[in-house]
Amino acid sequence: MCKHGSLPDSGGGNVYAADDYQILEENDYKYKVTAEGACILAYLKRNDTTQVTIPSTLQDGKTKVIDIGARAFMNCKASSITIPSSVKNIQNWAFQECEATSITIEEGVTLIGEEAFAGCKKLSSITIPDGVTDIGNYAFYGCSSLASMTIPGSVTSMGYNIFDGCSGLTSITIEDGVTSISGVFRNCSSLTSITIPDSVTSISGAFYGCSSLTSVTLPSSITSIEQNAFRECSSLTSITLPSSITSIGELAFSECSNLESITIPGSVTSIGGRAFNECSSLTSITIPDSVTSIGDGAFQKCKSLMSITIPGSVTSIEDYTFSWCENLTSITIPSSITSIGEGAFGESDYGECEALKDIYYGGTQAQWAAIDNKAELSDSVTIHFTNGSNSQNGNTGNTPDNNNQNNTPGNTQNTKKAVTAVNVTYKGNSVNNKTLAIKTKSKYTFKAEVSPSDAVDKTVTWESSNSKIATVSPTGVVKGIKKGTATITAKSSNGKQASFKVKVQSKDVKVTKISIQAEKKAVKKGKKLKLKAVVSPATAKNTKVSWESSNKRVATVNSKGVVTGKKKGKVTITATAKDGSKKKAKVKI
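Figured I'd write up the structure that's included with this text. Treat the numbers as computed from the prediction; the structure is a model and nothing was measured. (Residues numbered from 1 in each chain as written. Predicted model: local features only at pLDDT ≥ 70, side-chain atom pairs only at ≥ 80, totals over all residues. Heavy atoms only, no water.)

Topic: the nonpolar core
Threshold: Throughout, nonpolar core names a set of buried Ala, Val, Leu, Ile, Met, Phe, Trp, Tyr and Cys residues whose side chains join them through atoms within 4.5 Å. Here the term buried applies to any residue with accessible area under 20% of the maximum for its type, exposed to any over 50%, and partly exposed to those in between, with areas from a 1.4 Å probe on protein chains only. By definition, residues are in contact when any of their heavy atoms lie within 4.5 Å.
Ranked by internal contacts, the top residues of the largest apolar core, which has 120 residues, are Phe140 and Phe253. Beyond its immediate stretch of four places on either side in the chain, Phe253 contacts Ile225, Phe230, Ile239, Leu241, Ile248, Leu259, Ile262, Ala275, Phe276, Asn277 and Cys279. Of all hydrophobic cores here, the second largest spans 47 residues; its members include Ile488, Ala490, Ala498 and Leu531.

Overview of a positive patch on the surface
The cut-off we apply is this: What makes a patch is a set of residues exposed beyond 30% relative accessible area and free of salt bridges, joined within 9 Å when like-charged and within 5 Å when nonpolar (Val, Leu, Ile, Met, Phe, Trp, Tyr). Residue exposure ignores everything except the shown protein chains as possible cover, and the areas themselves are Shrake-Rupley values with a 1.4 Å probe. Basic side-chain nitrogens of Lys or Arg form a salt bridge, by our definition, when they fall within 4 Å of a carboxyl oxygen of Asp or Glu. For the purpose of charge, His is not counted, nor are the chain termini; Lys and Arg are scored as positive and Asp and Glu as negative. Just so you know, the charge point we use is NZ for Lys, CZ for Arg, CG for Asp and CD for Glu. Starting at the N terminus, helices and strands are each numbered in turn, a helix being any DSSP run of H or I of at least four residues and a strand any DSSP run of E of at least two.
Residues Arg274, Lys530, Lys532 and Lys560 make up a contiguous surface patch of positive charge. With respect to the helices, strands and loops of the structure, Arg274 is situated in the loop between β24 (270–271) and β25 (293–294).

Focus on the pattern of salt bridges
In the structure shown here, the tally under the stated rule is ten salt bridges. With its nearest N and O atoms 3.4 Å apart, the salt bridge here joins Lys45 to Asp28. With Lys45 in the loop between β4 (38–43) and β5 (52–53) and Asp28 in the loop between β2 (22–26) and β3 (29–33), this pair connects stretches of sequence that are 17 residues apart. Since its relative accessible area comes to 25%, Asp28 is described here as partly exposed. Salt-bridge contacts for Lys443 lead to Glu260; the nearest nitrogen and oxygen are separated by 1.2 Å. Highlighted residues: Lys443 in strand β37 (residues 443–445) and Glu260 in the loop between β22 (247–248) and β23 (261–263), separated in sequence by 183 residues. Its relative accessible area of 25% is what places Lys443 among the partly exposed residues. A relative accessible area of 28% places Glu260 in the partly exposed class. Here the salt bridges share partners, and the residues they tie into one network are Arg231, Glu232, Glu255 and Lys544.

Points about a negative patch on the surface
Together, Glu107, Asp130, Glu175, Asp176 and Asp198 give the surface a local cluster of negative charge. Here Glu107 lies in the loop between β9 (102–105) and β10 (111–112).

Here's the deal with the side chain of Ser234
By secondary structure assignment, the location of Ser234 is in the loop between β20 (224–225) and β21 (238–240). Setting aside anything within four residues of it in sequence, one finds Ser234 in contact with Ser211, Glu255, Cys256, Ser257, Asn258 and Lys541.

Section: the sheet that holds strand β35 (residues 429–430)
Keep this limit in mind: What makes two strands pair is DSSP finding at least two bridges between them.
Here we have three strands laid out as an open sheet, ordered β35-β34-β38, and antiparallel in their pairing. In the strand order of this sheet, the two ends are held by β35 and β38 (447–451), each with one partner. When strand β34 (residues 421–426) meets β35, the two strands line up antiparallel, connected through two bridges. In the sheet register, Tyr426 faces β35, and the bridge partner there is Asn429.

Considerations on the packing of aromatic side chains
Note the following rule: Only centres within 6.5 Å qualify two rings of Phe, Tyr or Trp (six-membered ring in Trp) as a pair; their planes then separate them into stacked at under 30 degrees, edge-to-face at over 60, and tilted for everything else. The rule is short: NZ of Lys or CZ of Arg within 6 Å of the ring centre and within 35 degrees of the ring normal puts a charge over the ring.
Under the counting rule described, the total for this entry stands at 23 aromatic pairs. One residue, Arg71, lies across the ring of Trp93, its end atom 4.1 Å from the ring centre. One cation-aromatic arrangement involves Arg186 over Tyr208; the distance from NZ or CZ to the ring centre is 3.9 Å.

Here it is, written out as structure tokens:
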């Protein structure tokens, strides 16, 4: 009965009459009254800090208050609010940006509208009663003081991002009855665990950005893990998918940087694009024979992945599927593959799988040659034909027997080169002799590079000076154990080495400095200029930045740091750390 649009004003009096409703001011409220009941249009004492108990009827004792209208209590300063059982609907924005710490909703409400409690930063206690069936988009957005929440089983419709930005939410109970979860808990950065009831059949974007989530229990009722479901759940180390799941959507586990293992059940038939993008701790994964399609970039930037087998049920390897998998040494490809996409194994100047040495192909040389292959392979990659055919190198088609005889095994002429130096990098930046802050229980993947690049033995071993402070795996993955300082060393087989120190702390590593790199500091009207923000330390938990232009009429800048010239003039472009450190860098264009 309470529409979201504007209504006639009472003209300064306390009653406005129309054919089917009247506008009434009574006590501290302005109402729209119809034959159905009364809707609160506005609370007239929004600046009072006293407790508010909303009346269940008008003064006549007969007309029930059944709706709380759009923006009725917006910016209300009351310390607590009680909503009576007579109310059926809480409309969009009804309590947006209120300062109440406690809101009591008595049983009777069925609808909570979009952004109904959004921005209530002080709200620490609220209960969604049984009987609520619909919760609108962003209903509790930014309620950063909420610590726990129960979603009753009566809820049949949930909008997206209902609890987005509820950074203090640590505990959530979802009662049996809810059937789908879509974007509900996005950016709930303090949420550590959750149990999903048997009634849920699909999850889409539900836990995107839940950076503290360490464990999830998935019921056998779930049939699909959809787009962005667990994206950026950077504390998630393992997850078991039930055998009821048939599909894993795009970006489902993207940027789960500490995910070490996942079991894909034999029921899954498709893995979406970039599903495991930037799962940098994932060392191995088994793809079952049931999978028929793997999307583009599915395992892109899985920097700890060392080998993978593609099942015979798959017919194509899509674009950039394994790009930036810098520790991937071998891939097994079935004869069922008919096409290999662009950059599937990276390219020489863009995401190359530098460690890739062996491809084991299930068909003949003739079958391999018939593949629609757009991928670039280094000559150092050997393709082995498992049916007994001769192997060949990379894209050249040469068999090992056709190569320079000085490079054949057993010929030790002066072609062998010894390692002369070791360089350790993190995210492409050298860390030799540096001290880096890392967090306890977090993992960081470092890379050791030897010089010269054609050294005969590139083997590197890793060691920590104090494994009680920080450990390091054989592949360079460093994990903080407890507060303190340790030295990490990468050593070649002939004794050359590089070291750096890690300072382990219990708090998240924050950004301490940002610098902006630009090829030039001018851009023509209608042209673009790419800026790069370099964040220090590279081990900061959140190295993302936001971009801002001081004058959008002169030049704009998008979220990726691309500046577009609009008209002649000067403008300052600012990059700001997104981790709350407030660190900034500026450049004048």
